[in-house]
Amino acid sequence: MLGGNIARVATYSIASNICVALLAPFLFIWVGNQPEGLSFAGEFAAIGSRVAPLIVMPLVAAFALYFFARPLHSAIGRFQGSSFYLWAISLVIVVGRAVSFILAEPASAVPLMLGMALVAGIVCMLQFAIGRRIGRRYGDIISAAQGLGQKNTILAIWICLTYLDPLSSIGPAAYIVWQNGINSAQLYNRMRKTEHGR
């Protein structure tokens, strides 16, 4: 919707999520933070099972439709804008779950949660800014900013809940709000420029 290169962003997203699935088990073994009796293969399978439905399965489905049901592939492609509404619905659900989790925490945890949310915002803005800088160098600002700034935070939240203190999931949950706030501002600015350009 912002005019970036979908293939580049999708390739980066797939590669980065596969890297997380491969590297996270090593990291958790190294810091000694893995569930009892779970081997590297078990951890890889557990993390991979979270990556596959979000990243790999939709890609396989898209290729299958392209090669075996081209008319259906084209028909779905005409409704590409509807993904925005699915994104908005999922955002409301994730933010609602995060808010209910925050409300269940004691008041003493509020400063820590606010600190994590602030750090998530700084990290998010830095990643979008670094992505824009890299993109400017290679002639694709939008794709680079989206690729580096947007994260599969659902996977990050699951990793926090599985391997770390559940309170740590506030960081990725806050990142969702920040990244979608930035995306919304970018969409608004793009729509405004389009309207003024007419």
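Residues numbered from 1 in each chain as written. Predicted model: local features only at pLDDT ≥ 70, side-chain atom pairs only at ≥ 80, totals over all residues. Heavy atoms only, no water.

1. With respect to the overall build of the protein
Per the secondary structure count, the protein includes eight helices and zero strands. Here the protein holds 198 residues, and 26% of them are scored as buried. Counting contacts in the protein only where the partners sit at least 6 residues apart, residues at least 24 apart contribute 68% of the total. A total of about 12800 Å² of accessible surface is found on the protein, and carbon and sulfur atoms cover 71% of it. (Helix = DSSP H or I, 4+ residues; strand = E, 2+ residues; numbered from the N terminus. Buried < 20%, exposed > 50% of the residue type's maximum accessible area, 1.4 Å probe, protein only. Contact = heavy atoms within 4.5 Å. Areas by Shrake-Rupley, 256 points an atom, 1.4 Å probe, with all protein chains shown as cover.)

2. Considerations on the packing of aromatic side chains
Within the structure shown, the criterion is met by two aromatic pairs. A ring pair is formed by F63 and F67, whose centres lie 6.3 Å apart and whose planes are at 15°; its orientation type is stacked. Of this pair, F63 and F67 both sit in helix α2 (residues 40-68), four residues apart, which is roughly one turn of that helix. In this structure F63 comes out as partly exposed when scored by relative accessible area, which is 46%. Judged by its relative accessible area of 56%, F67 falls in the exposed class. (Phe/Tyr/Trp six-rings, centres within 6.5 Å; stacked < 30°, edge-to-face > 60°.)

3. Concerning the confidence of the model for the protein
Of all residues in the protein, 82% attain a pLDDT of 70 or more, and the chain-wide mean is 78. Helix α4 (residues 83-104) is the least confidently modelled element of the protein, averaging 73 in pLDDT, while helix α5 (residues 110-138) averages 91, the highest of any element. (pLDDT = per-residue confidence, 0-100.)

4. Some thoughts on the packing of α5 against helix α6 (residues 141-149)
Where α5 contacts α6, the axes come no closer than 7 Å and their chain directions differ by 145°. Taken as a pair, α5 and α6 cross one another with a handedness that is right-handed. Contact residues: Q127, F128, I130, G131, R132, I134, G135 and R136 in α5; I141, A144, A145, Q146, L148 and G149 in α6. Of the residues in the contact of α5 with α6, the class split is seven nonpolar, five polar and two charged. (Axes fitted to C-alpha atoms, helices over the stretch in contact; angles between N-to-C directions. Left-handed = near helix turned anticlockwise from the far one by under 90°. Nonpolar A, V, L, I, M, F, W, Y, C, P; charged D, E, K, R; others polar.)

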